[in-house]
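Chain residues, written in single-letter form:
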Amino acid sequence: MARDLIQRAGTQETYPLPVILRLAPWRQVPRQTLKTWIDYQLKAQYGLGQIHIDEIKSRGLILLLDGLDEVSRENRASCVKAINDYCAQEGWVNIVVTCRSGNYADLESSEKGLTIPKKQVITLAPLEAERIAAFLDQLDRVGIDVTHLHSFLENERTPLMTDVILQTYEGKSVDYVKKVQIADVWQNYVARKFEDEK
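The text that follows walks through the structure, step by step, so that each part is easy to find. (Residues numbered from 1 in each chain as written. Predicted model: local features only at pLDDT ≥ 70, side-chain atom pairs only at ≥ 80, totals over all residues. Heavy atoms only, no water.)

**A short note on the sheet that holds strand 1 (residues 17–22)**
Strand order in the open sheet formed by 3 strands is 1-2-3, with parallel pairing between adjacent strands. Every other strand in the sheet has two partners, leaving strand 1 and strand 3 (95–97) as the edge strands with one partner each. Sheet twist, expressed as the mean angle between neighbouring strand axes with direction ignored, is 15°. Note that strand 2 (residues 61–66) and strand 3 share 3 bridges and pair parallel. (Pairing = 2+ DSSP bridges. Helix = DSSP H or I, 4+ residues; strand = E, 2+ residues; numbered from the N terminus. Axes fitted to C-alpha atoms, helices over the stretch in contact; angles between N-to-C directions.)

Following this line, the structure appears as structure tokens:
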């Protein structure tokens, strides 16, 4: 979705700009609103100065707020309240909030849950084994050898983990991958990203 929104914004000058912001850094601060937090995160995550922030905001933003479930428990209620307050003013348009379904159900059942209209809540289904196999076959056909990852990916059903595993272990030997424990994936992913940047 983010890729499609970015492409559309690149070809249509009047289309709002999609901005992906991780919610994990949210902290409860007196008088903090979602708007002030967004400005701070545009500076912190993207390194933008106030002139650039004002410029892109004048075009309009599509907010992709990622990982509500990753906000610490003690800060989650204030984050939800800030999102609800923002959307009470702006409406539930041009905003996407991602959250694991179990955590979202907990939020929804509490009185401090998001006020998203039910018809706008989307649940992503786990990937089916056949779709993962077809994807791996496509990679094989274009010359990306991932046969050593087939057994590792058999039990993965989320697009994120499938992508992380592929990015982390592409090009690694079969013997290397056999020794990997699922608990090591994120640590190895981060290490691989640092390697790639060198």
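After that view, the rundown keeps rolling.
**Remarks on the nonpolar core**
Leu-23, Leu-34, Leu-65, Leu-68, Ile-83, Ile-95 and Leu-114 are the most contacted members of the largest nonpolar core, which has 34 residues in total. Among the elements of the structure, helix 1 (2–11), strand 1, helix 2 (34–46), helix 3 (50–59), strand 2, helix 4 (73–90), strand 3 and helix 5 (101–109) are those that each provide at least two residues to this core. Of the residues forming this core, the biggest block, 6 residues, is contributed by helix 4. Setting aside its immediate chain neighbours within four residues, Leu-114 contacts Leu-68, Val-80, Ile-83, Asn-84, Trp-92, Val-97 and Tyr-104. Listed in part, the 7 residues of the second largest apolar core include Ile-165, Tyr-169, Val-177 and Val-180. (Core = buried A, V, L, I, M, F, W, Y, C linked by side-chain atoms within 4.5 Å. Buried < 20%, exposed > 50% of the residue type's maximum accessible area, 1.4 Å probe, protein only. Contact = heavy atoms within 4.5 Å.)

Scope: geometric values only; no functional claims are made or implied.
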